[in-house]
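These are the residues of each chain, in order.
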Amino acid sequence: MLVKQISVFLENKIGRLAEITELLGQNKINIRALAIADTTEFGILRLIVDNPEKAQEVLEDRGFAAKQTDVIVVKVADKPGGLAGILKELKKSDLNVEYLYAFVKQSGENALVVFRIENTSEAIKVLQGMGVEIISPEEIYSL
Amino acid sequence: MIWNPRYECIDRKELEEIQLERLKHLVKRLYERLPFYKKKLDEVGVKPYQIKSLDDLRLLPFTTKDELRQGYPYGLFTAPLEDIIEFHISSGTTGKPVVDGYTRKDIDIWSEVMARALASAGCTSKDVVQNAYGYGLFTGGLGVHYGAQRIGAKTIPASGGQTRRQIMIMKDFGSTILTCTPSYALHIAETAEEMGENPVELPVKVGVLGAECWSENMRQEIEKRLGIMALDIYGLTEIIGPGVAQECEYKEGLHIYEDHFLPEIIDPDTLEPLPEGEEGELVITTLTREGTPLLRYRTRDITSINYSPCRYGRTIARISKIKGRTDDMLIIRGVNVFPSQIENILMKVEETEPHYQLVLERKKGLDDLTVEVETTPEIFFDEIKRLEEIEKRIAKEIEENLGLRVNVKLVEPKAIGRSAGKAKRLIDRRELK
């Protein structure tokens, strides 16, 4: 149920993102989704890729600080209010969303939303309880 | 003006006689009263009666800062504790702090040499001395205060910081003498400009600036921007505080108060004394201190000495402006910092050997230190909040332990250049030093 996300520490310097994407490309690692959280000085690049193990390895070899983080990916109806319903339920169960980001699959009616929630097992229960479709790692990696 | 012509313009032969008498007395007292020095003197096989001339000084052992730390708190007190009336304690995370204990006579000596220093800068009882050195455990504030009081000048114990208020006070009370670090003097100029004031029109005429290593370029910059005469003062807590040596208006070296502080210049590698005019490490023996007198204290400051009388009439020796250090100590806004102290704090926070670099810059006239820390797996988290917390925690630890506010910046692994496996620890980007 849990998808391995790769988090990479980045200084806010020109060309760092280009370097990472190029490195992953050369190693035939495909990026499924990405998001960046940043401050004025540094940022964290978060990646969903088809081969997280290998991605972490090549990034660390190149000297990046990279680690794997468990996230939950769910299918959300691609229509107004789709995400709101889910967030409301999570809040009711006192589950804190540390961050999330979304991506839309080609020609789909659903958006995929990546959630980072501290209490993942409880979150999965809540999401399943409301009938939300959770995407398996295999499905994500082979998108 | 010359505060004490009797000693500042003394005949060298007479001075040397006084120095020798005081040295003999000092060695005898240290040998008899302080186990620390008895042991050191026994180790080199010197008995007090063997000191017969000033040249015999070189028979005596050196004293280092590490030894002072090991003696914390009372190990180097020669006077009985009941005679001590004041302590000054340096910061320190590598090992223990350094303590200076003053008897009433020591405070009297301090007031005297600081009065000489301020008088050299033209200070009289008519002057208003705005003392922007920090008051507290740091010796700068109180040392200058004692000297200004001795002269009878109007003393404003402004201490450091609150620069806008300093400028307001300066204008409203007509401060004529400013005492602070050179970088703070520049900061005052910057701040005055920000306030829409012309710093040249401030009432200050003379700056007595020290507690930092600063260049002739920086002097010119301060003089131009504040419209003052900027004079250098030298001192260190271990010896007494500020007032060990001071420039007069001719700015041809700092007059060192030799009747109290016996100077030598040595080669820091061979430890052999160097002749007049040659650059080396300044070593000081405190001839008159009672509380914590020291034999041949290695200051680690690099300078040279000149025994010729000055144009103003003083006959005491002059040391050149301090050129640098023989160790890696940094002096930032008057605070002494060793990179190893910062390393120890990082090690405590990260629980592993840190890769770090210190970047020294000057912002708005003030020295600004940024500690760049490479992000290791131990301190990398997938949350901005936690990364920021690490930066804050490091900055807080450094401020609490060293009394210095720094910026902390996480950088990528291997971002810090290494040559032969060893990282360059300090990048100095200050234009004026």
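Given the structure is predicted, the values throughout are model-derived calculations rather than measurements. (Residues numbered from 1 in each chain as written. Chains lettered and ligands numbered in written order. Predicted model: local features only at pLDDT ≥ 70, side-chain atom pairs only at ≥ 80, totals over all residues. Heavy atoms only, no water.)

Caption draft 1: Structural view of the overall build of chain B. Looking only at helices and strands, one finds 11 helices and 23 strands in chain B. By the compact-globule yardstick of 22 Å for 433 residues, chain B fits well, its C-alpha radius of gyration being 22 Å. Seen through its C-alpha atoms, chain B measures out along the principal axes to roughly 70 × 55 × 40 Å. Per-residue burial over chain B gives 58% buried out of 433 residues. A fraction of 66% describes how many contacts in chain B between residues 6 or more apart in sequence connect residues 24 or more apart. As displayed, chain B has an accessible area near 18,000 Å², and 49% of this comes from carbon and sulfur atoms. (Helix = DSSP H or I, 4+ residues; strand = E, 2+ residues; numbered from the N terminus. Rg over C-alpha atoms; globule rule 2.2 N^0.38 Å. Buried < 20%, exposed > 50% of the residue type's maximum accessible area, 1.4 Å probe, protein only. Contact = heavy atoms within 4.5 Å. Areas by Shrake-Rupley, 256 points an atom, 1.4 Å probe, with all protein chains shown as cover.)

Caption draft 2: Representation of the pairing of strand β3 (residues 128–131) of chain B within the structure. Residue and element names in this part refer to chain B. With burial as the criterion, each face of β3 is covered, one bearing Val128 and Gln130 and the other bearing Val129 and Asn131. Pairing geometry for β3 and strand β4 (residues 154–156), over 3 bridges, is parallel. Within β4, the position partnered with Val129 by the bridge is Thr155. Once the chain exits β3 it traverses helix α6 (residues 139–151) before rejoining the sheet at β4, and the crossover so formed is right-handed. Examined bridge by bridge, β3 and strand β5 (residues 177–180) share 3 bridges and lie parallel to one another. (Pairing = 2+ DSSP bridges. Right-handed = clockwise from strand over helix to strand, strands pointing away.)

Caption draft 3: Geometry of helix α3 (residues 82–92) of chain A. Residues and elements named next belong to chain A. Every buried residue of α3 is accounted for by Gly82, Ile86 and Leu90. The buried residues of α3 occupy one face: seen down the axis, they fall within an arc of 55°. Of the exposed residues in α3, the ones pointing more than 90 degrees away from its buried face are Lys88, Lys91 and Lys92. Of the surrounding elements, those touching the buried residues of α3 are β4 (66–77), β5 (97–104), β6 (110–117) and α4 (120–129). With its phi angle positive at about 65°, Asp94 sits one or two positions after the end of α3. (Arc of directions from axis to C-beta.)

Caption draft 4: Summary view of helix α2 (residues 12–33) of chain B. With 22 residues, α2 of chain B should reach 32 Å at 1.5 Å per residue; the first-to-last C-alpha distance of 31 Å fits that figure. Contacts from the buried residues of α2 of chain B go to α1 (5–8), α3 (35–44), β10 (261–266) and β11 (280–286) of chain B. (Expected span 1.5 Å × (residues − 1).)

Caption draft 5: Molecular detail of the nonpolar core. All names here are of chain B. One finds Leu60, Tyr234 and Ile319 to be the most contacted residues of the largest nonpolar core, which totals 68 residues. Here this core gets 9 residues from one element, more than from any other, and that element is helix α5 (residues 104–120). Every residue in contact with Tyr234, bar those within four places of it in the chain, is listed here: Pro242, Gly243, Val244, Ala245, Leu254, Leu282, Ile284, Thr299, Asp301, Ile319 and Ile322. Counting residues in each nonpolar core, the second largest holds 32 residues, with Leu358, Ile394, Leu402 and Leu404 among its members. (Core = buried A, V, L, I, M, F, W, Y, C linked by side-chain atoms within 4.5 Å.)

Caption draft 6: Looking closely at the interface of chain B and chain A. Chain B puts 16 residues into the contact, and the matching count from chain A is 23 residues. In total, about 1,600 Å² of surface goes out of reach between chain B and chain A, with carbon and sulfur atoms giving 60% of it. Taken as a group, Phe380, Asp382 and Glu412 of chain B account for 46% of the area that chain B buries against chain A, more than any other trio of residues on that side. Run the count over chain B and chain A and you get 2 salt bridges. Arg16 of chain A serves as the salt-bridge partner of Glu412 of chain B, at 2.0 Å between the closest nitrogen and oxygen. Elements that contribute at least two residues to the side of chain B that touches chain A include exactly α11 (384–402) and β20 (407–411) of chain B. Top contributing element to the side of chain B that touches chain A by residue count: α11 of chain B, with 4 residues. (Buried area = accessible area lost by both parts, 1.4 Å probe. Salt bridge = Lys/Arg side-chain N within 4 Å of Asp/Glu carboxyl O.)

Caption draft 7: Geometry of the side chain of Gln246 of chain B. Residue and element names in this part refer to chain B. Turning to its location among the elements, Gln246 is positioned in strand β8 (residues 241–247). On the basis of relative accessible area, Gln246 is assigned to the buried category, the value being 0%. Excluding anything up to four places from it in sequence, Gln246 contacts Ala117, Ser120, Ala121, Val208, Leu231, Asp232, Ile233, Gly253, Leu254, His255 and Tyr257.

Caption draft 8: Structural view of the domain arrangement of chain A. Residue and element names in this part refer to chain A. Domain parsing of chain A yields domain 1 (2–69) and domain 2 (70–141). Between the C-alpha centres of domain 1 and domain 2 the distance comes to 22 Å. Summing both partners gives a buried area of about 1,400 Å² for domain 1 against domain 2, and 62% of it is carried by carbon and sulfur. Area buried by domain 1 at its contact with domain 2 is led by Leu2, Val3 and Thr69, which between them contribute 44% of it. Across the contact surface, domain 1 and domain 2 share 1 salt bridge. (Domains from an automatic or database assignment.)

Caption draft 9: Quick look at the UniProt feature "domain: ACT" (unreviewed entry) in chain A. In this numbering, the UniProt entry assigns the feature "domain: ACT" (unreviewed entry) to residues 5–81 of chain A. Span residues 5–81 of chain A is 27% helix and 45% strand, its end C-alpha atoms 26 Å apart. (UniProt positions renumbered as here; feature names shortened; annotations may be inferred.)

Caption draft 10: Region of the structure containing the sheet that holds strand β12 (residues 297–303) of chain B. Residue and element names in this part refer to chain B. In spatial order, the strands read β10-β11-β12-β15; together these 4 strands make up an open sheet with antiparallel pairing. The open sheet has two free edges, formed respectively by β10 and β15 (324–325), since each of these has just one partner strand. Where β11 lies against β12, 4 bridges are found, and the strand directions are antiparallel. Along β12, the bridge assignment pairs Gly280 with Thr303.

Caption draft 11: Just the pattern of salt bridges, in detail. The final tally for this structure, using the stated rule, is 50 salt bridges over all chains. Ionic pairing is found between Lys4 of chain A and Asp70 of chain A, a salt bridge with its closest N-O pair at 2.8 Å. One end of the pair, Lys4 of chain A, is in strand β1 (residues 2–11); the other, Asp70 of chain A, is in strand β4, with 66 residues separating them in the sequence. Assessed through its relative accessible area of 26%, Asp70 of chain A is described here as partly exposed. In this structure, Glu361 of chain B engages Arg429 of chain B in a salt bridge whose closest nitrogen and oxygen atoms are separated by 3.7 Å. One end of the pair, Glu361 of chain B, is in strand β18 (residues 356–363); the other, Arg429 of chain B, is in the segment after β23 (426–428), and 68 residues separate them in sequence. In this structure Arg429 of chain B comes out as partly exposed when scored by relative accessible area, which is 47%. Among the charged side chains, a network of salt bridges with common partners joins Arg16, Glu19 and Arg62 of chain A together with Glu412 of chain B.

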